[in-house]
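The primary structure of each chain is shown beneath.
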Amino acid sequence: MMESPIQLTEKAKLEIRSTLEANKIPDTYGLRVGLRGGACSGTFLLGFDTATEHDQTYLVEDIKVFIDKRHLMYVIGVSVDYEEGLNGAGYTVSTAEKINS
């Protein structure tokens, strides 16, 4: 396993682990990070999935992360967080450019 090109915050890791446990999701599943749509106008895709032959598999602590090799260059440096706010809770994805600006 290679070092993951993405980062998961502590809150995201806690939420991912509790979701996997609460839903009794099998060990063959991991967090899929990718793009939906075109490279420039695409939106980030997060979900629980099994690996395909196109995926690169990474381990962030004990969490499996699957990234389609074709999406890899677009997700390098991405940070996944989990936020709870007035509009509900959910995962957020930010890129290094957004964090530094």
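In this text the structure is predicted, and so the values were computed from the model without any measurement.

Reading the values: rules and limits
- Residues numbered from 1 in each chain as written.
- Predicted model: local features only at pLDDT ≥ 70, side-chain atom pairs only at ≥ 80, totals over all residues.
- Heavy atoms only, no water.
- Pairing = 2+ DSSP bridges.
- Helix = DSSP H or I, 4+ residues; strand = E, 2+ residues; numbered from the N terminus.
- Contact = heavy atoms within 4.5 Å.
- Axes fitted to C-alpha atoms, helices over the stretch in contact; angles between N-to-C directions.
- Expected span 1.5 Å × (residues − 1).
- Buried < 20%, exposed > 50% of the residue type's maximum accessible area, 1.4 Å probe, protein only.
- Arc of directions from axis to C-beta.

Taken in spatial order, the three strands line up as β1-β6-β7 in an open sheet, and their pairing is mixed. Of all the strands in the sheet, the pair left with one neighbour each is β1 (7-8) and β7 (88-94). Both strand β6 (residues 79-85) and β7 contribute to a ladder of seven bridges, which runs antiparallel. Each bridged residue has a counterpart across the sheet, and for Gly85 the counterpart in β7 is Gly88. Relative to the sheet, helix α1 (residues 10-22) contacts β1, β6 and β7, its axis offset from that of β6 by approximately 80°.

With 13 residues, α1 should cover 18 Å at 1.5 Å per step; its first-to-last C-alpha distance of 18 Å lies within 8% of that length. Taken residue by residue, α1 has Ala12, Lys13, Ile16 and Thr19 as its buried positions. For α1, the arc enclosing every buried residue in end-on projection is 135°, short of the 170-degree limit, so these residues lie on one face. Those residues of α1 that are exposed and aimed more than 90 degrees away from the buried face are Glu10, Leu14, Glu21 and Ala22. Check the buried side of α1 and you find it contacts β1, β2 (29-36), β3 (43-50), β5 (63-68), β6 and β7. Phi turns positive, to about 50°, at Lys24, one or two residues after α1.

The topology assignment puts Glu3 in the segment before β1. Each C-alpha atom of the pair Glu3 and Leu59 lies 7.2 Å from the other, and the pair is 56 residues apart in sequence.

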